[in-house]
Amino acid sequence: MGERMADVNGVRICYETIGDPAGRPLLLVMGLGGPLIWWDDQLCRLLADRGFWVIRFDNRDCGRSQSMSGRASLVGSYLGARPPYSLADMAGDAAGLLDHLEVGSAHVTGASLGGMIAQTLAIRHPGRVRSLVSVMSTTGGRLVGWPSPRVLPLVLGRGATDRAGYIELATAMFRRIGSPGFPFDEARLRERSGATFDRGVNRAGTLRQLVAVTSASDRTAGLRGLRIPALVVHGKADPLVHVSGGRATARAIPGAELIVVPGMGHDLPREVWPTLVDGISRTADRAVSSHT
């Protein structure tokens, strides 16, 4: 149906749907600075072929969604400064988008920051989430899911101001944080990076998103209270969110399934799609029949 805009909680959110609206609604939530196109078109079509009505969107401060205001500081967030907005606010955007689409509840899959948003959505709006899939994410606990020091300079470094420079930086970053056990598809990454730049790169917004993460409290207790089917997928070779974050998430959610993928880093290589699609479908099948 093409991309559209929704007014959600006072924030303009860009979204797109793929598949049959009569199918099972599946909300996809992407990670830090990642627009909706980071959910690859072909991956979304595979999910639609499994009977899902796929909903993907740009988080606030990303892509074509609204750029927010307010200064953010990583140091300040660790010292207790109030962030411009929280993970709860971002989860509220997701719930509001479901309202806009007149979807009472959906299956929800989130990657990285998107996994944190998906977890928060399930905790704070439990009636809206039929099943939960958390990919390469963590609980917010300080002792799990830590990043490797070798990748932090790339994540926190200064960004490029021109398209060619952005493509080069993005390529270098995903060479470092991507999956060492699978082929590196540089052509596909360069194409996606160019499209990401064209949608609008918001460095200040990405920092605000990051501060929402670092300001968030540990979600472990809230995850323990969930009573929905859940799957946790994590790469064993993830240098940005250590696999301990995925293991802790699966331990916290009662009855959660855990898949640790050897050779997978902090990305979604094409070779992992069958595992992810099967897992999302299997987890949705476990949802309470009254929701289907």
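For the structure itself, consult the block above.
Keep in mind that what you see is a predicted model, and the values were worked out from it rather than measured. (Residues numbered from 1 in each chain as written. Predicted model: local features only at pLDDT ≥ 70, side-chain atom pairs only at ≥ 80, totals over all residues. Heavy atoms only, no water.)

Enquirer: Could you give an account of the sheet that holds strand β6 (residues 129-135), naming the residues involved and the relevant values?
Expert: Strand order in the open sheet formed by eight strands is β1-β2-β4-β3-β5-β6-β7-β8, and the pairing between neighbours is mixed. Each of the sheet's edge strands pairs with one partner strand only, and the pair in question is β1 (4-8) and β8 (257-261). Strand-to-strand twist of the sheet, defined as the mean angle between neighbouring strand axes without regard to direction, takes the value 25 degrees. Pairing between strand β3 (residues 24-29) and strand β5 (residues 106-111): four bridges, direction parallel. Counted as the bridge partner of leucine 28 is threonine 109 from β5. Where helix α10 (residues 243-252) meets the sheet, it contacts β6, β7 (230-235) and β8, and its direction lies at approximately 165 degrees from that of β7. Its contacts with the sheet put helix α11 (residues 273-285) on β3, β4 (52-57), β5, β6, β7 and β8, and the angle it makes with β6 is roughly 155 degrees. (Pairing = 2+ DSSP bridges. Helix = DSSP H or I, 4+ residues; strand = E, 2+ residues; numbered from the N terminus. Axes fitted to C-alpha atoms, helices over the stretch in contact; angles between N-to-C directions. Contact = heavy atoms within 4.5 Å.)

Enquirer: Residues and numbers for the layout of surface pockets, please.
Expert: Empty space within the second largest pocket amounts to approximately 300 Å³. Taken together, Ile37, Trp38, Asp40, Asp41, Gln42, Arg45, Arg188, Glu191, Arg192, Ala195 and Arg270 make up the lining of the second largest pocket. Mapped onto the lining of the second largest pocket, the elements with two or more residues apiece are α1 (41-49) and α7 (186-199). Residue contributions to the lining of the second largest pocket peak at four residues, all from α7. The residue inventory of the lining of the second largest pocket, partitioned by class, reads three nonpolar, one polar and seven charged. (1 Å grid on protein atoms, 1.4 Å probe; cavity = no way out; pocket = protein on both sides within 12 Å on 5 of 7 lines; lining within 4 Å. Points joined across faces, edges and corners; volume = space filled by probe spheres on them. Nonpolar A, V, L, I, M, F, W, Y, C, P; charged D, E, K, R; others polar.)

Enquirer: Now, about the packing of aromatic side chains: what can you tell me, with residues and values included?
Expert: Throughout the structure, instances matching the rule amount to two aromatic pairs. Here arginine 192 stacks its cationic end above the ring of tryptophan 38, 4.3 Å away from the centre of that ring. The aromatic ring of phenylalanine 174 is capped on one face by arginine 192, whose charged end is 4.9 Å from the ring centroid. (Phe/Tyr/Trp six-rings, centres within 6.5 Å; stacked < 30°, edge-to-face > 60°. Lys NZ or Arg CZ within 6 Å of the ring centre and 35° of its normal.)

Enquirer: Describe helix α4 (residues 113-124), listing the residues and the values that go with them.
Expert: Spanning 12 residues, α4 covers 16 Å between terminal C-alpha atoms, matching the ideal 16 Å at 1.5 Å per step. A large share of α4 lies buried, amounting to 10 of its 12 residues. All of the buried residues along α4 are Leu113, Gly114, Gly115, Met116, Ile117, Ala118, Gln119, Thr120, Leu121 and Ala122. (Expected span 1.5 Å × (residues − 1). Buried < 20%, exposed > 50% of the residue type's maximum accessible area, 1.4 Å probe, protein only.)

Enquirer: Please set out the nonpolar core residue by residue, giving values where relevant.
Expert: Judged by nonpolar contacts, the single largest core of 39 residues is most densely connected at Leu27, Phe57, Leu87, Leu97, Leu121 and Leu132. Elements with a minimum of two residues in this core: β1, β2 (11-18), β3, β4, α3 (87-100), β5, α4 and β6. The dominant element in this core, judged by the number of residues it contributes, is α3, at seven residues. Other than its neighbours up to four places away in sequence, leucine 27 contacts Ile55, Phe57, Ala94, Leu97, Leu98, Ala106, His107, Val108, Thr109 and Leu121. Of all hydrophobic cores here, the second largest spans 36 residues; its members include Val54, Val135, Val233 and Met264. (Core = buried A, V, L, I, M, F, W, Y, C linked by side-chain atoms within 4.5 Å.)

Enquirer: Run through the pairing of β6, naming residues and quoting values.
Expert: For β6, a buried count of seven out of seven residues is recorded, marking the element as mostly surrounded by other parts of the structure. Two elements, β5 and β6, share six bridges in a ladder whose sense is parallel. By the bridge assignment for β6, threonine 109 is matched with valine 133. Crossover handedness for the path β5 to α4 to β6: right-handed. Alignment of β6 against β7, held across four bridges, turns out to be parallel. (Right-handed = clockwise from strand over helix to strand, strands pointing away.)

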